[in-house]
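# An overview of the molecular structure
The lines below spell out each chain.
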Protein chains: 2
Amino acid sequence: MPLSTIYQPVEEDLAKVDDLLSSATEVNFHRLAELLDYCLKDGGKRIRPALTLLSGKFYDYNLSLLLPMAAAVELMHTATLVHDDAIDQSMVRRGRPTVNEVWSEDKAVLLGDYLFAKAGECAADTQNLRTVKLFAQTLATISAGEINQAFNAFNLEQTREHYIERISYKTASLFSLATESGAILSQAPENSVKALKEYGHNLGIAFQIIDDILDYISTEVDMGKPIGSDLAQGTLTLPAMLILERYPGDNPVKRVFQNRDKQENTKLALELARNSSIAQECYQVAVDYCSKACQNLNLLPYNASHRALTELANYVVERKR
Amino acid sequence: MPLSTIYQPVEEDLAKVDDLLSSATEVNFHRLAELLDYCLKDGGKRIRPALTLLSGKFYDYNLSLLLPMAAAVELMHTATLVHDDAIDQSMVRRGRPTVNEVWSEDKAVLLGDYLFAKAGECAADTQNLRTVKLFAQTLATISAGEINQAFNAFNLEQTREHYIERISYKTASLFSLATESGAILSQAPENSVKALKEYGHNLGIAFQIIDDILDYISTEVDMGKPIGSDLAQGTLTLPAMLILERYPGDNPVKRVFQNRDKQENTKLALELARNSSIAQECYQVAVDYCSKACQNLNLLPYNASHRALTELANYVVERKR
């Protein structure tokens, strides 16, 4: 099912979130406006703001408080992408040159800071101190996850538990912020807040696992960015871990991490993941997290949002980009 | 008068702010703890948290709300320094290698993000949405100022108005956040909030002008970092502007900006500022802002904080590092 169909219950609201994002680009200083325009109108999937809006529609919600929170999570997400690309010196994202590629790394770092700030302003516009605090804690969690990843680059001694912890910090935390804040802002009872938070967490883990699989088995055209980039950055993801488990002696992942014939061995590692059951095994792990996510929804009222969140869980594992 | 004497009315409170900063370094992940420890225990002057505490002691204050705000401004300041050093590839600050120098630029970017997040958490701990919003707006202002500066690197066509606007964004905004938030959190009447905000603004402008003078006339030993760095980065500050005004033809600043014999001409520009009335003229501009800052205090009750804020204005123009 395409995202546009899944988003149908919040279609108009998402357009209003886009308006809020556009208004963030209206600044005096035209070079900054240009940067903001470039990174906020790039056709992202808008999954995180959709999660906030959908999660916020089970109980007694006030749209004028949900909208800024949805904008806040999207702005935070964009900021982390801008910083990640600068740090990794990535050249292409979503089929276009990255901010660091067009304007240099220093501009990308400062633009990311500006986006974090605008995200914070939007979070404050919820008029709710609990969501504001959660927002700041989530940014701390994401940054700690990224720092963890940076210190573990090219480290072969990482377990699956490390991997799940790492993606829980760097990806799932923002998904659960998106859902939990929607619940809080709509006066959901605490067990529903917890259920939606857990749903976001499990969905986020599944989302990142799929991202990591696609970096092995997709194509640059589908992804809008080079594949094999995790290996190039020395990030040990689930497909690489399964290769290491299955071939305990020498193997292409080990060789890439030990800087032996990197290009050739990256190609071999991708082929190994593609032409074995490894990709399928990784998919199964993601599917299991998505099933958990759907179970988390059980105690919530059955309505259009409930249906959409279930469909979104299916979309996440089926997506090709 | 040394800072320790000026800070006397808030000495115990500043120790509690240090405790809050220390508690921010208590994290599971030991490599992150090491980074936080390094950049939060480096003997900064603590001017910004002192401003919040002093500004918060004119009316009906609750120390448990002032302390997290004081910690928030110091954390935000530290984050901006960590990012600035990474962007400028600076190697030394406060007499020690920078974070980017010890751990690499990518770690510095992520650490700065983490510090912004912890700053946001502290701001949320004020339980006051107005200060939270102000906090986020200030980070946006600072980042916009830095982006402005980055786009104007090596641009000789900048007026004094541009300069004052730029330092107002990148430096004075945080000083005025520090003072305004202290006032807000202590239930100050609106005209006092405005007066303390203006005081912070004027003090911040003076502070940055002095910083920019010291980058021409101080020494690396006194400053704990190389001097002449503004010229090296292509940042046009007040001393450089006065050189350009006084020598409208060719001059060492122009030559540095046009990449002609950079090292030799940097030396000449510093000598020119030192051995002429240029440094003195710059000082006079800073002194004028400090006088304005002291005038802003006129409508506030006369107490120990009032005295300390006046002394701090004098310290700012007299400081040697």
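Report follows, based on the coordinates. Bear in mind that the values here come from a model prediction, so they are computed numbers and not experimental data. Every chain's residues receive numbers from 1 upward, in the order its sequence appears when written. Labels follow written order: the first chain is A, the first ligand is 1, and so on. Under the rules for a predicted model, residues below a pLDDT of 70 receive no local features and side-chain atom pairs below 80 are neither given nor counted, while totals for whole chains, interfaces and linings still include all residues.

### Here's the deal with the overall build of chain A
From N to C terminus, chain A includes 17 helices and two strands. What the globule rule says is 2.2 Å times the number of residues to the power 0.38, and the radius of gyration is computed from C-alpha atoms. For chain A, the C-alpha radius of gyration of 19 Å lies close to 20 Å, the compact-globule estimate for 321 residues. Along the first, second and third principal axes, the C-alpha atoms of chain A reach 60 × 50 × 30 Å. Any residue surrounded by 20 or more other C-beta atoms within 10 Å of its C-beta is treated as buried, while 12 or fewer makes it exposed and the intermediate range makes it partly exposed; C-beta atoms here are placed from the backbone. The proportion of buried residues among the 321 residues of chain A is 53%. In chain A, 73% of the contacts between residues at least 6 apart in sequence involve partners at least 24 apart. A run of H or I in DSSP counts as a helix once it spans at least four residues, and a run of E counts as a strand once it spans at least two, with each numbered from the N terminus. What counts as a contact here is a pair of residues whose C-beta atoms, placed from the backbone, lie within 7 Å.

### A few points about the relation of the copies chain A and chain B
Copies overlap after least-squares fitting; the atoms used are the C-alpha atoms of residues with pLDDT of at least 70 in both. The two copies are related by a screw motion: chain A maps onto chain B through a turn of 180 degrees and a shift of 0.0 Å along the axis, at an RMSD of 0.0 Å. A rotation of that kind, with that shift, is consistent with a two-fold axis. When the interface residues of chain A are mapped onto chain B, 100% of them again fall at the interface, so both copies present the same face.

### Things to note about unusual backbone geometry
Its identity as a non-glycine residue notwithstanding, Gln127 of chain A has a phi of 60 degrees, on the positive side. With phi around 40 degrees, Asp261 of chain B is a residue other than glycine that occupies positive phi space. Counting through the fold element by element, Asp261 of chain B comes out in the loop between helix H14 (252-257) and helix H15 (262-274). Judged by the 13 C-beta atoms lying within 10 Å of it, Asp261 of chain B falls in the partly exposed class.

### Quick notes on the interface of chain A and chain B
In this assembly, 35 residues from chain A lie in contact with 35 residues from chain B. Put simply, the parts of the chain that give the side of chain A that touches chain B at least two residues each are helix H3 (30-40), helix H5 (63-88), helix H7 (105-124) and helix H8 (129-151) of chain A. Among the elements that make up the side of chain A that touches chain B, the one with the highest residue count is H8 of chain A (14 residues).

### Section: helix H3 (residues 30-40) of chain B
When H3 of chain B is considered as a whole, its buried residues turn out to be Leu32, Leu35, Leu36 and Cys39 of chain B. Along the axis of H3 of chain B, the buried residues cluster in a sector spanning 95 degrees; they form a single face. Comment: arc refers to directions from the helix axis out to C-beta atoms.

### Some words on the packing of H5 of chain A against helix H9 (residues 160-185) of chain A
All names here are of chain A. Only the stretch in contact is used when fitting a helix axis, every axis being a line fitted to C-alpha atoms; angles between N-to-C directions are given from 0 to 180 degrees. For the pair H5 and H9, the least separation of the axes is 10 Å and the interaxial angle reads 170 degrees. Classified by the angle between their axes, H5 and H9 sit roughly antiparallel to one another. Every residue of H9 that contacts H5 at Leu65, Leu66, Met69, Val73, Met76 and His77 is listed here: Leu174, Leu177, Ala178, Ser181, Gly182 and Leu185. Three categories are distinguished: nonpolar for Ala, Val, Leu, Ile, Met, Phe, Trp, Tyr, Cys and Pro, charged for Asp, Glu, Lys and Arg, and polar for the others, with Gly belonging to the last. In terms of residue class, the contact of H5 with H9 is made up of nine nonpolar, three polar and no charged. Roughly parallel here means an angle under 35 degrees, roughly antiparallel means over 145, roughly perpendicular means 65 to 115, and every remaining angle is called oblique.

### Details of the environment of Ala71 of chain B
All names here are of chain B. On the secondary structure map, Ala71 appears in helix H5 (residues 63-88). Residues Ala71 and Ala24 lie 47 residues apart in sequence; the distance between their C-alpha atoms is 9.7 Å. Setting aside chain neighbours within four positions, we find Ala71 in contact with Val17, Leu20, Leu21, Pro49 and Cys122.

### What about the environment of Phe135 of chain B?
All names here are of chain B. Along the chain, Phe135 turns up in helix H8 (residues 129-151). Overall, Phe135 belongs to the buried group, with 29 C-beta atoms counted inside 10 Å. Between the alpha carbons of Phe135 and Ser173 there is a distance of 10.0 Å; along the sequence they are 38 residues apart. Those residues in contact with Phe135 that lie beyond four places of it in its chain are Ala72, Gly120, Ala123 and Leu177.

### Focus: the nonpolar core
In plain words, the nonpolar core is the set of buried Ala, Val, Leu, Ile, Met, Phe, Trp, Tyr and Cys residues that C-beta atoms within 7 Å link up. Formed by 208 residues in total, the largest nonpolar core has its most connected members in Ala72, Leu111 and Ala206 of chain A together with Ala72, Leu111 and Ala206 of chain B. Apart from the residues lying within four places of it in its own chain, the contact partners of Ala206 of chain B are Ala286, Tyr289, Cys290, Ala293, Val316 and Val317 of chain B.

### What about helix H2 (residues 11-24) of chain B?
Residues and elements named next belong to chain B. An expected span of 1.5 Å times one less than the residue number is assigned to each helix. Compared with the 20 Å implied by 1.5 Å per residue over 14 residues, the 20 Å span of H2 between its first and last C-alpha is a close match. Of the positions making up H2, those classed as buried are Asp13, Val17, Leu21 and Ala24. Projected down its long axis, H2 carries its buried residues within an arc of 95 degrees, all on one side. The exposed residues of H2 that point more than 90 degrees off its buried face are Glu11, Glu12, Ala15, Asp19 and Ser23. The elements touched by buried residues of H2 are H3, helix H4 (47-55), H5 and helix H7 (105-124).

### Brief notes about the environment of Asp113 of chain A
Residues and elements named next belong to chain A. On the secondary structure map, Asp113 appears in helix H7. Residue classification places Asp113 among the buried positions, given that 27 C-beta atoms sit within 10 Å. Spatially, the C-alpha atoms of Asp113 and His83 are 8.6 Å apart, while their sequence positions differ by 30 residues.

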